[in-house]
Each structure stands twice: as C-alpha cells, then as structure tokens.
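Remarks on the overall topology
Residue-level listing of the chains:
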Amino acid sequence: MKKTLLRKNDIYLIGILLIIFLFILGGVKLTQKGGTEVVVSIDGVEAYSFPIDEDLEFEISGYNGGTNILVIQDRYAYLKEASCPDKLCVHMGKINKDGQSIICLPNRVVVEIRSAGKIKSEHDYDTVVG
Amino acid sequence: MSNTQKVALNGALAALAMILSYVEMQIPAFFAVPGVKLGLTNIVVLVALYVPGVKLGLTNIVVLVALYVLGEKNAFFINVVRIVVVSILFGNIMGFAFSIAGGMLSTLVMILLKKTSCFSVTGVSVAGGITHNVGQIIVAMILLNTRAIIWYLPVLWISGIISGAVIGIVGALVCSRIVIKE
C-alpha cells in the first residue's frame, strides 16, 4: 500500500469535484425563484397563508399543544421560537425561495414558501385520470 | 491469517462500524432536508426527512480500513451488516432505504476507484463521501416524490468533499499503522 496521504491525482479529483460543485451551485441558484406566499400547515392541513412582503410575528398552535413563533421579516420567513425540545426548526434558518420549507416534527408544523402563479398552474387540470 | 481470524476481525470491524454509526446519531443533524409537498405530510415521511443531513461519516473510516487492509468483499459486507443492524436497532424503514442506497453506492465507487490504483486513500474517501450523499438524495427524491430536495445537493456535495477528505486522511493514518500478521 502506498503510504502517501495525498497524491497528485487526489488533488485533481478534488479540484474537478469542486468545479462540478460550482456548476451545481450556479444551476440551482439560477433556477430558484423567490416565493410570494408563506403557507403554514398543521398536521397535514393547510391552516394559514401570509404574503411574504408584509412583516409579522405569529404564534402557531401546533399538534398536541405545541407552539412555534413564525416571523416574516424583509421577505424572509423563519421560526423564532419553538416549544419542542430539539429546536431543529429554529436552526433551519430563514427561507424565501419557492418550494423551501421549515418542518417542526413534534408540533407537525410545516412552513412552506410558494409563489401564487405556480399554485394556479398546478391545479389547472381539465380532468384527472387514475 | 486463518479463516477464524478473518471472521473475528470482520466481526470486530462490523461492531466498530455500528458503534461509530451510533455515536454519529447522537450528533444532531442541523441540516435536515425539507422540501416535502404539503399533501405528503405524513409522520413517517417527516421522520425520514431528518435522516440525510450533513454527517461526518465516521463509519467510513472502518469501511476504508477494511477496504485497504482486508479487501473489497469484506468492506462491502461489513457495511451491509452495519446498515442492516443499525436500522433494525435504532432506525426506521425510510432511514434504512437512505442508508442502504448511500452506503452501497459509495462502497461500490470506492472499490472501483481503489481498483484503478490512481488515487490514495484520501481521494477514494472523497469520492465515497460525495456518492454517499448523492445516493441518499436520489432515493429521497424517489421516495418522497419531490424534486425540491435537489436544492440541497450543493450543500451535500461540498460537505461530502470536506468530510470525505477529513475521513480519508484519518483512514490513511489508521491503515498505515495496522499490521496484519500472516
């Protein structure tokens, strides 16, 4: 076995992978669009919907008496506080892109960003077969 | 090395891999992968969303050592045993699907790269780290029927490179210190 930690080929490999990373990052950033609506659902049921351009602070009463505090500020939505023990949802940070979401598992709360136009087209069926 | 010694060594490495899996589970995955459509909000799906996060991949040290010290077959089966047993003990079926997809893809890629003998342990490990994350994200997209998760690919890609490099260097140091008596 070769004892060297890092060979030239390894550096080439990492370099190529980093370049691919930049392409992926660029592609993802270009295709992501900002959303227009913040939709809150509790236990799988859509409960509230707020426009993303109006700042507000709102207490969500989730499943089993749990609460999350939703903040919309400067066109970003995030959860400021949560009653759950792990606080994963608070650590998930701020979201503003169409399709991004924050999930609080213990309270069964999902906060999702949507854009109004997209929702309309998704439900624009004549018939649904199957 | 006699057959008995081989069996014992494989068992010890599989146990070590399981313990490292467990240790890693205790580190909270701050990067959960969200992106589920609202209609899909059932509790099993949500549990699974917390699985493919940014992890260091400590288990990969064992797989690397097995790959270089014992051989391809041993590395492959140690990883399979580890994933199956850990899923039965601590996981759920969704978590198993993510782990087995990521684990198998990364192990196969590492075996192939090792066979080319163009790369050192570090390079092999970096490729393994990335393919592990990519395998998980592909399965997540299929099982959750959503493409929104693809937005987390850049994060998982870069974390695969960094953790793969760190684990590779540690793995190489371990490999160079292990002596198998014939």
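Residues numbered from 1 in each chain as written. Chains lettered and ligands numbered in written order. Predicted model: local features only at pLDDT ≥ 70, side-chain atom pairs only at ≥ 80, totals over all residues.

**Overview of the UniProt feature "transmembrane region" (unreviewed entry) in chain B**
- UniProt tags residues 7–23, 43–71, 83–113, 119–144 and 156–180 of chain B as "transmembrane region" (unreviewed entry).
- With 100% helix and 0% strand, residues 7–23 of chain B has its two end C-alpha atoms placed 24 Å apart. (UniProt positions renumbered as here; feature names shortened; annotations may be inferred. Helix = DSSP H or I, 4+ residues; strand = E, 2+ residues; numbered from the N terminus.)

**Quick word on the environment of Y68 of chain B**
Residues and elements named next belong to chain B.
- Mapping Y68 onto the fold places it in helix 3 (residues 59–70).
- Y68 gets classed as buried once you count the C-beta atoms within 10 Å, which come to 21.
- Each C-alpha atom, one on Y68 and one on K114, is 8.5 Å from the other, the two residues being 46 residues apart in sequence. (Buried ≥ 20, exposed ≤ 12 C-beta atoms within 10 Å, placed from the backbone.)

**What about the sheet that holds strand 3 (residues 56–61) of chain A?**
Residues and elements named next belong to chain A.
- Pairing is antiparallel in the open sheet, where three strands are placed in the order 3-4-5. Strand pairing shows two members of the sheet lacking a second neighbour, strand 3 and strand 5 (76–82), which therefore form its edges. Pairs of neighbouring strands in the sheet enclose a mean axial angle of 25 degrees, with direction left out of account.
- Note: strand 4 (residues 67–73) against strand 5, six bridges, orientation antiparallel. For L70, the partnering residue across the bridge sits in strand 5 and is L79. (Pairing = 2+ DSSP bridges. Axes fitted to C-alpha atoms, helices over the stretch in contact; angles between N-to-C directions.)

**Here we look at the confidence of the model for chain A**
Residue and element names in this part refer to chain A.
- Taken as a whole, chain A shows an average pLDDT of 79; of its residues, 85% reach a score of 70 or greater.
- Taking the mean pLDDT of every element in chain A, the minimum, 48, falls on helix 3 (residues 116–122) and the maximum, 90, on strand 4.
- Within the model, the stretch residues 118–125 combines pLDDT values under 50 with two contacts to residues more than four positions away or in other chains. (pLDDT = per-residue confidence, 0-100. Contact = placed C-beta atoms within 7 Å.)

**Some remarks on the packing of helix 1 (residues 3–25) of chain B against helix 3 of chain B**
Residue and element names in this part refer to chain B.
- With their axes 8 Å apart at the nearest point, helix 1 and helix 3 run at an angle of 160 degrees to one another. Here helix 1 lies roughly antiparallel to helix 3, going by the angle between them. Counting all contacts with helix 1, which are made through L9, L13, L16, A17, L20 and S21, the residues of helix 3 involved are T59, V62, V63, A66 and L70.
- Tallied by class, residues from the contact of helix 1 with helix 3 come to nine nonpolar, two polar and no charged. (Parallel < 35°, antiparallel > 145°, perpendicular 65-115°, else oblique. Nonpolar A, V, L, I, M, F, W, Y, C, P; charged D, E, K, R; others polar.)

**What to know about the environment of A172 of chain B**
- Residue position: A172 of chain B is located in helix 7 (residues 153–177).
- Since 25 C-beta atoms lie within 10 Å of it, A172 of chain B is described here as buried.
- Between the C-alpha atom of A172 of chain B and that of V121 of chain B, which follows or precedes it by 51 residues, the distance is 5.6 Å.
- Once you skip the residues sitting within four places of it in the chain, A172 of chain B turns out to touch L5 of chain A together with S120, V121 and T122 of chain B.

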